[in-house]
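Spelled out, the chains give:
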Amino acid sequence: MSELLPQNPLAPHDYWMKKALDQAIIAFDEGEVPVGAVIVYQERVIAEGRNQRETLNDPTAHAEMIAITQAAEVLQSWRLLDCTLYVTLEPCPMCAGAIVQARIPRVIYGTTDPKAGACHTLFSLTSDIRLNHQSAVMGGVMAEDCKAILQEFFRQQRALGKK
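From a predicted model like this one, the values you see are computed outputs, not experimental measurements.

Engineer: Is there a simple way to think about the pattern of salt bridges in this case?
Structural biologist: Side chains carrying opposite charge are able to pair once their charged atoms draw close together. With the rule as written, the count across this model stands at 4 salt bridges. Arg50 is the salt-bridge partner of Glu30, the closest N and O atoms lying 2.9 Å from each other. In this pair, Glu30 sits in the loop between helix H1 (12-29) and strand S1 (36-41) while Arg50 sits in strand S2 (residues 44-50), placing the two residues 20 residues apart along the sequence. Glu30 gets classed as partly exposed once you look at its relative accessible area, which sits at 37%.

Engineer: Honestly, the side chain of Gln23 in this entry has me stumped. Any pointers?
Structural biologist: Considering the arrangement of structural elements, one finds Gln23 in helix H1. Residues contacting Gln23, with those up to four places away along its chain left out, are Gly36, Ala37, Glu48, Gly49 and Arg50.

Engineer: I tried to follow unusual backbone geometry on my own but got confused; where do I start?
Structural biologist: Trans peptide bonds make up most of the peptide bonds, and negative phi angles are found at most residues other than glycine. The phi dihedral of Glu43 falls on the positive side, at around 60°, and the residue is not glycine. Accessibility expressed as a relative area gives 47% for Glu43, which makes it partly exposed. A positive phi angle is found at Gln76, which is not glycine, with a value near 55°. Within the secondary structure, Gln76 sits in the loop between helix H3 (63-75) and strand S3 (83-89).

Engineer: Before we go on, may I ask you to explain the packing of aromatic side chains in this structure?
Structural biologist: A ring pair, where both rings are aromatic, is described by two values, the distance of the centres and the angle of the planes. Inspection of every chain in the model, using the stated rule, returns 3 aromatic pairs. On the numbers, 5.8 Å between centres and 70° between planes, the contact of Phe28 with Phe153 is edge-to-face. You can see Phe28 sitting in helix H1 and its partner Phe153 sitting in helix H5 (residues 143-159), a full 125 residues away along the chain. Grouping residues by exposure puts Phe28 and Phe153 together as buried. For the ring pair Phe153 and Phe154, a centre distance of 5.1 Å and an interplane angle of 80° mean the geometry is edge-to-face. Judged by relative accessible area, which is 2%, Phe153 ranks as buried. Among the aromatic residues, ring-to-ring pairing joins Phe28, Phe153 and Phe154 into one connected group.

Engineer: Where do I start with the nonpolar core in this structure?
Structural biologist: Grouped burial of nonpolar side chains is what soluble globular proteins tend to show. Grouped together as the largest cluster of nonpolar side chains are 39 residues, with contacts concentrated most on Met17, Ile39, Ile68, Leu80 and Ile104. Elements that contribute at least two residues to this core include exactly H1, S1, S2, H3, S3, helix H4 (93-102), strand S4 (106-111) and H5. Here Ile39 is in contact with Arg44, Val45, Ile46, Ala47, Ala67, Ile68, Ala71, Leu80, Cys83, Thr84 and Leu85, once residues within four sequence places are set aside.

Engineer: Is there a simple way to explain the layout of surface pockets in this structure?
Structural biologist: Which parts of space are left empty comes out when a probe the size of a water molecule is rolled across the atoms. The volume enclosed by the largest pocket comes to roughly 590 Å³. Contributing to the lining of the largest pocket are 21 residues, with Val33, Leu89, Asp113, Leu150 and Phe154 lying nearest its centre. If one sorts the elements of the lining of the largest pocket by residue count, H5 sits on top with 5 residues. Of the residues assigned to the lining of the largest pocket, the class counts are 9 nonpolar, 5 polar and 7 charged.

About the criteria used
Residues numbered from 1 in each chain as written. Predicted model: local features only at pLDDT ≥ 70, side-chain atom pairs only at ≥ 80, totals over all residues. Heavy atoms only, no water. Salt bridge = Lys/Arg side-chain N within 4 Å of Asp/Glu carboxyl O. Helix = DSSP H or I, 4+ residues; strand = E, 2+ residues; numbered from the N terminus. Buried < 20%, exposed > 50% of the residue type's maximum accessible area, 1.4 Å probe, protein only. Contact = heavy atoms within 4.5 Å. Phe/Tyr/Trp six-rings, centres within 6.5 Å; stacked < 30°, edge-to-face > 60°. Core = buried A, V, L, I, M, F, W, Y, C linked by side-chain atoms within 4.5 Å. 1 Å grid on protein atoms, 1.4 Å probe; cavity = no way out; pocket = protein on both sides within 12 Å on 5 of 7 lines; lining within 4 Å. Points joined across faces, edges and corners; volume = space filled by probe spheres on them. Nonpolar A, V, L, I, M, F, W, Y, C, P; charged D, E, K, R; others polar.

Note that every value here comes from positions in space, so none of it alone points to a role or purpose.
So, in structure tokens, the structure goes:
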């Protein structure tokens, strides 16, 4: 899991988002909504997460929540200072709240979430100055790839009469 940043510094966000997409693909194969996340600290992946709500029967088992818990364990601190969260889908209100609570300074996401996006689309929790911490947020990294896997998952689910 501890992987170094590639030598080409021109595309680090794409590199790390690809790692998050790898987690989304695993979620897809497991029948979960395909969202993946990684947390990078000192140019290394220290945590990975993917949606596991169905597998764990846990409504909080979002990719970001799992990655945040892993990262806190690795760093032996709930304060995830100097970390960057890469996630394939814009975080929801629960995950955005956890990002603020964990003090994650940077969030990079793939595609927007028009139904639950809490970083830019519906809410701006991660940049709300009324809260005790804010995160710099950038969306749109590998957005088409991140969107495509979600669209394919839900297309298949509808064909099966689900979701």
